[in-house]
Amino acid sequence: MRRISKKWLHRLVTVHGLGKALDARYQRLGLFKQYAGLDALDIYIKKCYPKGEDLLPGFSYQAVREELFNDIEDVCIARILGNDLVPRHKLGQTLENTRYLLEHEQRFAGCEKIWILNRFSDRTVASELKALIASYGQEYVEIPFIPSQYREIGLEPTSEAQLRQHIGTLENCGRPSQVMTLGLGLLQRKIRYAMPINEARNVALEQARLRARWALPMDGNCIITRQGWNDFHQAVQAKRKSIYAMPMARADVNDAVEKRANKFSYTEEPQLAFNRYSDESFDEGFYYSRRDKVEFIWRLGKKGVWDKYKDAFFDPSRRPAGELKSRYGGEAGRVIRLSSGTEDGQISSGDRHAMRLKAIVDYIAHLDEALGVEKDKRLDIGEFTERLRSLF
């Protein structure tokens, strides 16, 4: 058997443009510090061949690429776990859903599962999740919550003219959902730190791309059925695109979800799947509950109810709609979102949204109080509502 030399492999990687991508990705992940003295290619081979297996022969780029990756998994599901947001979620629901997933989701051949712990402010909950995940032999990566960093974050500056124009009328000052939406705009820097959903999705993408051909950065309470898994593989093999949408349904209760899969309506905002060669990422300027995943869906050109969403003055700027359309392969597989513990099946989408807004504002207020944040960096919704009323 003829061994491919490192020099020849390095030429293949460089000529086909993978060198710079590896350097940038490994720099972000801090792997050059972890593997001192190794260059990107050394690290790359080390991760692909942790046991030091010989590279197989073949001088075409396609053959080398396939052989390089024959020790990695087909798919890595990287689930993001976040703080319970009461009343949108039942207290303890994240731990309950994680346990359900570990116990009930099937083991898929060629699939690795990892978990991203996204800025848990309650260290007890974080410790319980780590112990639970480890007990099933799975890995986790933590994005830590550092109180001193959070205390430095203030409110988004706004003018009275902007506030008056957004709220519109005195009558709207009495509508909690409209006041809360505006409140989120003022709290956006705090939200980006305390629940950095798109930062966590990007961490999930980076970790999954290291481990598999397909990266599935998923919300932590989503389960994939056997049929959904099979449908995903059939779709990605047929179309050969780099990004797919995974239609999602919402379960009313966590009971026999797999058996009831065909009875659900898969019309919710989809999860997304990425080929490891794709270099796209989520825009971290968009924050939780304010177009965070929708911004990427817009760029894919996937049609949905989100096409009717209007921007506010405090929203980040959108990138061109449909700019990633050529890379989008359509729908592949499907997932089911587990219950939030609040009888989702009996709550309208509008009420869910209102509950989510209140939960976010309440959670930030709780952090501010618990950490002794200065008053000028806090948002009191009662005082804010009166301030809005005074503008009319």
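Residues numbered from 1 in each chain as written. Predicted model: local features only at pLDDT ≥ 70, side-chain atom pairs only at ≥ 80, totals over all residues. Heavy atoms only, no water.

A separate point is unusual backbone geometry. Positive phi values are uncommon outside glycine, yet Ala-256 reaches one of about 50 degrees. Along the chain, Ala-256 falls in the loop between strand 6 (243-250) and strand 7 (268-275). For Ala-256, a relative accessible area of 33% puts it in the partly exposed group. Even without a glycine there, the phi angle at Ser-289 is positive, about 75 degrees. Locating Ser-289 in the fold gives a position in the loop between strand 7 and helix 13 (294-300). (Helix = DSSP H or I, 4+ residues; strand = E, 2+ residues; numbered from the N terminus. Buried < 20%, exposed > 50% of the residue type's maximum accessible area, 1.4 Å probe, protein only.)

Here the focus is the pattern of salt bridges. Inspection of every chain in the model, using the stated rule, returns 33 salt bridges. For Arg-201, the salt bridge is made with Asp-292, and the minimal N-O distance between the two is 2.8 Å. Taken together, the residues span a long stretch of sequence, with Arg-201 in helix 11 (residues 197-211) and Asp-292 in the loop between strand 7 and helix 13 at a distance of 91 residues. Asp-283 is the partner of Arg-319 in a salt bridge, and the nearest nitrogen-oxygen pair spans 3.8 Å. Placement of the pair is Arg-319 in the loop between helix 13 and strand 8 (328-331) and Asp-283 in the loop between strand 7 and helix 13, with a sequence separation of 36 residues. (Salt bridge = Lys/Arg side-chain N within 4 Å of Asp/Glu carboxyl O.)

Ranked by size, the top nonpolar core spans 58 residues in total, and within it Tyr-150, Ile-191, Met-195, Phe-296, Ile-364, Phe-384 and Leu-388 carry the most contacts. Of all hydrophobic cores here, the second largest spans 21 residues; its members include Leu-81, Leu-95, Leu-101 and Ala-249. (Core = buried A, V, L, I, M, F, W, Y, C linked by side-chain atoms within 4.5 Å.)

Take the packing of aromatic side chains next. Between two aromatic rings, the relevant description is the distance of the centres plus the angle of the planes. A complete count under the given rule lists 10 aromatic pairs for this structure. Ring geometry for Phe-108 versus Trp-229: centroids 4.5 Å apart, planes at 5 degrees, classification stacked. Here Trp-229 lies in helix 12 (residues 226-239) and Phe-108 lies in the loop between helix 6 (93-104) and strand 2 (111-118), a separation of 121 residues in the sequence. Plain terms: the ring middles of Phe-274 and Phe-296 are 5.3 Å apart, the flat faces sit at 70 degrees to each other, and that makes the pair edge-to-face. You can see Phe-274 sitting in strand 7 and its partner Phe-296 sitting in helix 13, a full 22 residues away along the chain. Per residue, the accessibility class of Phe-274 equals that of Phe-296, and both read buried. Aromatic rings pair up to connect Phe-145, Tyr-150 and Tyr-193 into one cluster. Seen from the ring of Phe-282, Arg-201 lies directly overhead, with NZ or CZ sitting 5.6 Å from the centre. Taking NZ or CZ as reference, Arg-318 lies 3.5 Å from the ring centre of Trp-298, over its face. (Phe/Tyr/Trp six-rings, centres within 6.5 Å; stacked < 30°, edge-to-face > 60°. Lys NZ or Arg CZ within 6 Å of the ring centre and 35° of its normal.)

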